[in-house]
Amino acid sequence: MSNAAIPVPETAASTSQPSGAISITSISRLISRVFRSYAFRATLQAIFTIWLVLTSTFFLIRLLPSSPLDVYVEDLMRTRDYTREQAMAKASLMFSTDLSLPVGEQYLKYLDNVIHLNLGNSIKSSGTSVVQIIAAYLPWTLFSVGLALLISFVVGLGLGMLMAYWRNSLFDMVMTTIASFLSSVPSYIIAIQVVFFFGIQTKILSVAAARGAYSPGITPGFTPEFLLDIIFHAALPSLTYLLATFGHWTLSMKNSTLGVLGEEYVQAAHARGLGRGRIILAYVGRNASLPLFTQLALSVGFVVGGSIIIEKYFLYPGIGLKLFTAIHDRDYPIMQGIFIVITVTIIISNLLTDFLYGRLDPRIRVAKG
C-alpha cells in the first residue's frame, strides 16, 4: 500500500475571501455606479447651481454701490437718530446676519440660515419673517396661474392636434390666426382687453369686487362658498394667463403633430388597419406631446416670477404683487427671499423636467443610462 499523502480538501474558510474584502468591493462598485448615474449627476448639478445663485445673491447685495445694507443703516441713523452700532444691530436682525462678523463668517451664517429657512425679517413689516410672508402670498399665485396653465395646456393639446389633422381647412386657418395673435401680444395688453371686455363692455365680472384673494366676511375653509369665491377672485388673472399661453401650446402641438404624422410607424399603423382613435391616442398624441410636457414642467418654474405685472394690474395678492411692493418699498429681505424662491423653483423644475422626459420617452432614458 502506498504511503503517499492523501490531499486534504481545502476548507470553506481557506477558499473564501475575507468578508471585509467583499464588503469593500461591493461598496466601491456601488459608489462607482452611483457616480455614473445620470440622476446623481443631474441632482448634483442642480445643487451646485442653487449654491452658486445663493452665493451670488449674498455678495451682490454687499458689493453693489449703495448697498442695501448700507442704505438701511444710513436711513436708520438719519431718520431715527440711531447710533451706528444700534443701526448695525437692527440691520443684522432684518437681514438675518451679524454685520460685525467678517464677510466669510457672515457668508457661512447666511448659508446656514437659508438651509434652516431663515431668510430674515421684513423691513416694512417689522417682526414678520420673510418665510411667513412668502408662505402667505405664494399659494395664491400657484392657484391662479396653475389653474390657467393646466386649462390652456389641455385645450391647446387638443386643438393643436385637430389643427394638424385638418390642416389647410377653414378651422385650421382660423385657429392658427387666433393662436398666432395671442402668442404675439404681451400679457399686460391682454389684461387690459380682459378688463375692458368683461368688466366694462359686457359687465360680466366686476373688476372692483374681484380684487383681492377672497371677499370680506368669507370664512376660509374647504366649503363650496369659499371655493366659489376664490375662483371668482382668480377668474380675471387666470383668464389672462390662459389667453397669454394658449397660443403657444396650440401652435407647438400642431407643429409637433405634423412632424409625427410623417413618421414611418404611423404609416405602418394605418397599413395594419388599426382604428383611427387608437392611432391618434397611442401613436400620434403620445409622441407629439412629449416635448410639450417638458415645456409644461419648465413653465411651472417660471410661473412664480412671471406674475408680477398681471397681479399688480388686478391687485391679486400673489407673490408677484408682493415682489412689486417690496421693490417699491425697498424691502430688501423680502426681495432677496422671493428671488431665492424663484431661482430654486426654476432649477428644481428643470431637474424634474429632465427626469420626466426620461420616464416618458424610454429612448432618452436608455441614452442617458
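The paragraphs below set out a description of the structure included in this document. What you see is a predicted model, and the numbers here were worked out from it, not measured in a lab. (Residues numbered from 1 in each chain as written. Predicted model: local features only at pLDDT ≥ 70, side-chain atom pairs only at ≥ 80, totals over all residues. Heavy atoms only, no water.)

Take the overall build of the chain next. Along the backbone of the chain there are 16 helices and zero strands. Sorting the 369 residues of the chain into buried and exposed places 38% on the buried side. Pairs at least 24 residues apart make up 68% of the contacts formed inside the chain by residues separated by at least 6 positions. Accessible surface for the chain amounts to roughly 21400 Å². Of this, 67% is attributable to carbon and sulfur atoms. (Helix = DSSP H or I, 4+ residues; strand = E, 2+ residues; numbered from the N terminus. Buried < 20%, exposed > 50% of the residue type's maximum accessible area, 1.4 Å probe, protein only. Contact = heavy atoms within 4.5 Å. Areas by Shrake-Rupley, 256 points an atom, 1.4 Å probe, with all protein chains shown as cover.)

Here we come to the nonpolar core. With 37 residues, the main nonpolar core has Ile-279 and Val-284 as its most contacted residues. Those elements that place two or more of their residues in this core are helix H7 (130-165), helix H8 (170-184), helix H9 (187-201), helix H10 (224-261), helix H11 (264-271), helix H12 (276-303) and helix H13 (308-314). Leave out the neighbours within four places in its chain, and Val-284 touches Tyr-165, Thr-257, Val-260, Leu-261, Val-266 and Ile-279. Core analysis: the second largest hydrophobic core is formed by 36 residues, Tyr-72, Ala-91, Phe-95 and Leu-138 among them. (Core = buried A, V, L, I, M, F, W, Y, C linked by side-chain atoms within 4.5 Å.)

Below, the discussion takes up the side chain of Asn-121. Mapping Asn-121 onto the fold places it in the loop between helix H6 (103-115) and H7. The contact partners of Asn-121, leaving out residues within four places of it in the chain, are Leu-93, Met-94, Thr-128, Ser-129, Val-130 and Pro-333.

Mapped onto the elements, Ser-169 comes out in the loop between H7 and H8. With relative accessibility at 23%, the residue Ser-169 sits in the partly exposed group. A polar side-chain atom of Ser-169 sits 2.5 Å from the main-chain carbonyl oxygen of Trp-166. (Polar contact = N/O pair within 3.5 Å; in protein donor to acceptor, adjacent residues only side chain to side chain.)

Let us look at the side chain of Ser-289. Its location among the elements puts Ser-289 in helix H12. Among the residues examined, Ser-289 registers a relative accessible area of 7% and is labelled buried. Every residue in contact with Ser-289, bar those within four places of it in the chain, is listed here: Leu-157 and Met-253.

In this section: unusual backbone geometry. Although it is not a glycine, Leu-117 sits at a positive phi angle of roughly 60°. Phi at Asn-168 takes a positive value of approximately 70°, unusual for a residue other than glycine. With respect to the helices and strands, Asn-168 occurs in the loop between H7 and H8.

Before going further, it helps to examine the pattern of salt bridges. Side chains that differ in charge, positive against negative, can pair when their charged atoms come close. A full pass over the atoms with the stated rule returns three salt bridges. In this structure, Asp-75 and Arg-78 form a salt bridge, with 2.9 Å as the shortest nitrogen-oxygen distance. In this pair, Asp-75 and Arg-78 are both assigned in helix H4 (residues 68-79), three residues apart and thus about one turn of the helix distant. The exposure class assigned to Arg-78 is exposed, which follows from its relative accessible area of 57%. (Salt bridge = Lys/Arg side-chain N within 4 Å of Asp/Glu carboxyl O.)

The next subject is a nonpolar patch on the surface. The grouping of Tyr-188, Ile-189, Ile-192, Ile-309 and Tyr-313 at the surface amounts to a nonpolar patch, some 430 Å² of accessible area in total. For the nonpolar patch, the secondary structure elements donating two or more residues are H9 and H13. Ranked by the residues each element gives to the nonpolar patch, the list is headed by H9, at three residues. Relative to the helices and strands, Tyr-188 resides in helix H9. Given a relative accessible area of 41%, Tyr-188 falls into the partly exposed group. (Patch = residues over 30% accessible without salt bridge, like charges linked within 9 Å, V, L, I, M, F, W, Y side chains within 5 Å.)

Bringing the environment of Ala-208 into the picture now. Position of Ala-208 relative to the elements: it lies in the loop between H9 and H10. Since its relative accessible area comes to 59%, Ala-208 is described here as exposed. Each C-alpha atom of the pair Ala-208 and Phe-314 lies 8.9 Å from the other, and the pair is 106 residues apart in sequence.

Here we come to the packing of H8 against H10. Taken N-terminus to C-terminus, the directions of H8 and H10 make an angle of 130°; their axes are 7 Å apart at the nearest point. One way to sum up the angle between H8 and H10 is to call them oblique. The chirality of how H8 crosses H10 is left-handed. Along the contact surface, H8 presents Asp-172, Met-175, Thr-176, Ala-179, Ser-180, Leu-182 and Ser-183, while H10 presents Leu-243, Ala-244, Phe-246, Gly-247, His-248, Thr-250, Leu-251 and Lys-254. (Axes fitted to C-alpha atoms, helices over the stretch in contact; angles between N-to-C directions. Parallel < 35°, antiparallel > 145°, perpendicular 65-115°, else oblique. Left-handed = near helix turned anticlockwise from the far one by under 90°.)

This brings us to H7. The end-to-end C-alpha distance of H7, which contains 36 residues, comes to 51 Å, matching closely the 52 Å that a straight helix rising 1.5 Å per residue would cover. When the local axis directions of H7 are compared, the greatest deviation, roughly 25°, occurs at Tyr-137, which is followed within four positions by the proline Pro-139. (Expected span 1.5 Å × (residues − 1). Bend = angle between axes of the 7 residues up to and from the residue.)

Contact geometry of H7 with H8 gives a least axis separation of 8 Å together with a crossing angle of 135°. Between H7 and H8, the crossing angle belongs to the class labelled oblique. With respect to the hand of their crossing, H7 and H8 are arranged in left-handed fashion. Side by side, H7 and H8 meet where Leu-159, Leu-162 and Met-163 of the first sit next to Phe-171, Asp-172, Met-175 and Thr-176 of the second. Residue classes in the contact of H7 with H8 are distributed as five nonpolar, one polar and one charged. (Nonpolar A, V, L, I, M, F, W, Y, C, P; charged D, E, K, R; others polar.)

Everything listed here is a matter of coordinates, which is why it stays silent on function.
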